[in-house]
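# Observations on the model geometry
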Amino acid sequence: MTGERRTAVVIGTGLIGASLALALTADGWTVHLQDRTSSHARVAAGLGAGVLDKPEPGVVDLVVVAVPPAAIAAVVRQSLQTFPAATVTDVGSVKAGVLDALWDGDADLGRYVGSHPMAGSQHSGPVTAHADLFDGRTWVVAPHRRSREESVQDVLALVRACRAREVVMDVDDHDAAVARVSHLPHLMSVLMAGHLTAVPTSDLLLAGQGLRDVTRIAGSDPGLWQQILSANATAVLAELRAVSGELAGLIRSLETGTTTGELEEQLARGVDGTRRIPGKHGAAPATYHQVVVEIPDTPGALGRLFAEVGAAGVNVEDIAIEHDQAREIGYLALSVAPEQADDLLATMRAGGWSVGS
Ligand SMILES: NC(=O)C1=CN([C@@H]2O[C@H](COP(=O)(O)OP(=O)(O)OC[C@H]3O[C@@H](n4cnc5c(N)ncnc54)[C@H](O)[C@@H]3O)[C@@H](O)[C@H]2O)C=CC1
Ligand SMILES: O=C(O)C(=O)Cc1ccc(O)cc1
């Protein structure tokens, strides 16, 4: 913000819309919330994401369209008409189709700049929204050949208000990239989780964190993903074909009983691939050490644990919670920089916690 209080309208107050509205409000913007499902806008307002009244159209600086992909182009077009001075952006997961649809017509496209926050979760709706969702995450801004520079700057202001890391990118390059880093991984997770539907429950009781790691995103809204994948079908198909060749290689390798060659190579490539994923803020890939703590089923246990970790000055990079349904206990996996792992283990043991790593 540059001193004056700016006004935004967020259309679609589900997970992404409500989260960015919370961040904009925290940054000092006046935020008006709109949703086809009025209860979603009411919940978002109840969380402190903004107000429900309609703004004077001429005072709106920025409209953020956070509706499902198939509805985006129509809502962007309508917003360009309704708010004559506003920059309009959307947060859809695929960019080219929206732009193609907008070229057909007489919309004032100079004020439209697409964008895409590379953060979210498997949950939908405003209930799990939070202002920190985009903190340190990448947010792609994808101008087109007629985008006005002031509108690009308005969208960059949104990204900064959400404390995300801006990456300005061409629309088609964006769609090819997300096919590789988001859409194919989503389908791999879906394949794995779908395969579990035929697995006996007694086998599932043996599941560890690895299975939860690879299946988490498969729990996302299938309707949303149907729209995302069909909007980016060409790029996703190319990735799926490549991976199906690699899968065939693995099958051949196990059929012939040779553990060297293809199998060995693919396992090594897997290790290389994990090392290439950048950390938060686009930092060099980090390898964290995990310390797993058993959480007793007593009130306040988690709070006490975090207080002890904080008092020890250990910086936790990530957490994951796992439930052992058979024993009815929980585990907390704390990821820390390798040099802090010994301190954390010692702190936990001194506090009487049961730990592993
Ligand atoms: N879920 C995720 O992790 C991410 C999603 N996105 C994109 O963000 C957009 C929103 O996704 P979510 O927040 O996850 O979905 P969501 O389902 O949580 O929220 C969508 C909201 O839009 C409302 N809506 C639907 N059609 C509407 C219309 N025509 N006018 C007004 N409101 C309408 C729905 O009632 C709902 O409240 C999608 O385009 C998605 O591709 C982008 C990054 C991450
Ligand atoms: O939950 C996660 O880890 C995600 O990666 C969520 C996500 C879903 C859709 C997007 O277009 C971008 C991010």
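Residues numbered from 1 in each chain as written. Chains lettered and ligands numbered in written order. Predicted model: local features only at pLDDT ≥ 70, side-chain atom pairs only at ≥ 80, totals over all residues. Heavy atoms only, no water.

Per an unreviewed UniProt entry, the recorded name for the protein is Prephenate dehydrogenase, and the organism is Microlunatus capsulatus. Per UniProt, the protein carries the Pathway (unreviewed entry) text "Amino-acid biosynthesis; L-tyrosine biosynthesis; (4-hydroxyphenyl)pyruvate from prephenate (NAD(+) route): step 1/1." Comment text from UniProt for the protein, heading Catalytic activity (unreviewed entry), reads "prephenate + NAD(+) = 3-(4-hydroxyphenyl)pyruvate + CO2 + NADH". (UniProt positions renumbered as here; feature names shortened; annotations may be inferred.)

In this section: the sheet that holds strand β11 (residues 355-356). Spatial strand order, β9-β10-β8-β11: four strands in an open sheet with antiparallel pairing. Of all strands in the sheet, those bounded by a partner on one side alone are β9 (316-324) and β11. Relative to strand β10 (residues 329-336), β9 runs antiparallel, the two sharing eight bridges. Residue Asp318 lies in a different strand from β10, and its bridge partner there is Ser335. Docked against the sheet, helix α12 (residues 301-311) engages β8 (289-295), β9 and β10, running at close to 20 degrees with respect to β10. Against the sheet, helix α13 (residues 338-350) engages β8, β10 and β11, with an angle of about 15 degrees to β8. (Pairing = 2+ DSSP bridges. Helix = DSSP H or I, 4+ residues; strand = E, 2+ residues; numbered from the N terminus. Contact = heavy atoms within 4.5 Å. Axes fitted to C-alpha atoms, helices over the stretch in contact; angles between N-to-C directions.)

For residues other than glycine, phi is negative in most cases, and the peptide bonds are mostly trans. We note that Arg163 has phi near 55 degrees; this positive angle belongs to a residue other than glycine. Take Arg163: its relative accessible area is 48%, and that puts it in the partly exposed class. (Buried < 20%, exposed > 50% of the residue type's maximum accessible area, 1.4 Å probe, protein only.)

Okay, the packing of aromatic side chains next. Counting across every chain of the model gives one aromatic pair. Ring geometry for Phe134 versus Trp139: centroids 5.0 Å apart, planes at 55 degrees, classification tilted. Given the relative accessible area of 0%, Trp139 is considered buried. (Phe/Tyr/Trp six-rings, centres within 6.5 Å; stacked < 30°, edge-to-face > 60°.)

Turning our eyes to something else, we now look at the site of ligand 1. Taken together, 27 residues lie around ligand 1, and Asp35, His40, Val67, Ser93 and Gly125 are the ones closest in. Taking Ile16, its main chain carries an N or O atom lying 2.9 Å from an oxygen atom of ligand 1. Residue His40 places a side-chain N or O atom 2.5 Å away from an oxygen atom belonging to ligand 1. About the coverage of ligand 1: the protein hides 88% of its 820 Å² of free accessible area. Where the shell around ligand 1 is concerned, the elements lending two or more residues are α1 (15-26), α3 (69-82), β5 (114-117) and α9 (222-231). When residues of the shell around ligand 1 are assigned to their parent elements, the largest contribution, three residues, is made by α3. Taken together, the residues of the shell around ligand 1 break down into 14 nonpolar, eleven polar and two charged. (Near = heavy atom within 4 Å. Polar contact = N/O pair within 3.5 Å; in protein donor to acceptor, adjacent residues only side chain to side chain. Areas by Shrake-Rupley, 256 points an atom, 1.4 Å probe, with all protein chains shown as cover. Nonpolar A, V, L, I, M, F, W, Y, C, P; charged D, E, K, R; others polar.)

For ligand 2, the full set of nearby residues is Ser93, His116, Pro117, Gly120, Ser121, Arg216, Ile217 and Trp225. One of the side-chain nitrogen or oxygen atoms of Ser93 is found 2.7 Å away from an oxygen atom of ligand 2. Against a free-state accessible area of 340 Å², the protein chains account for coverage of 76% of ligand 2. In terms of residue class, the shell around ligand 2 is made up of three nonpolar, four polar and one charged. Counting contributing residues per domain, the shell around ligand 2 is built from domain 1 (7-168) and domain 2 (174-280), each supplying no fewer than three. (Domains from an automatic or database assignment.)

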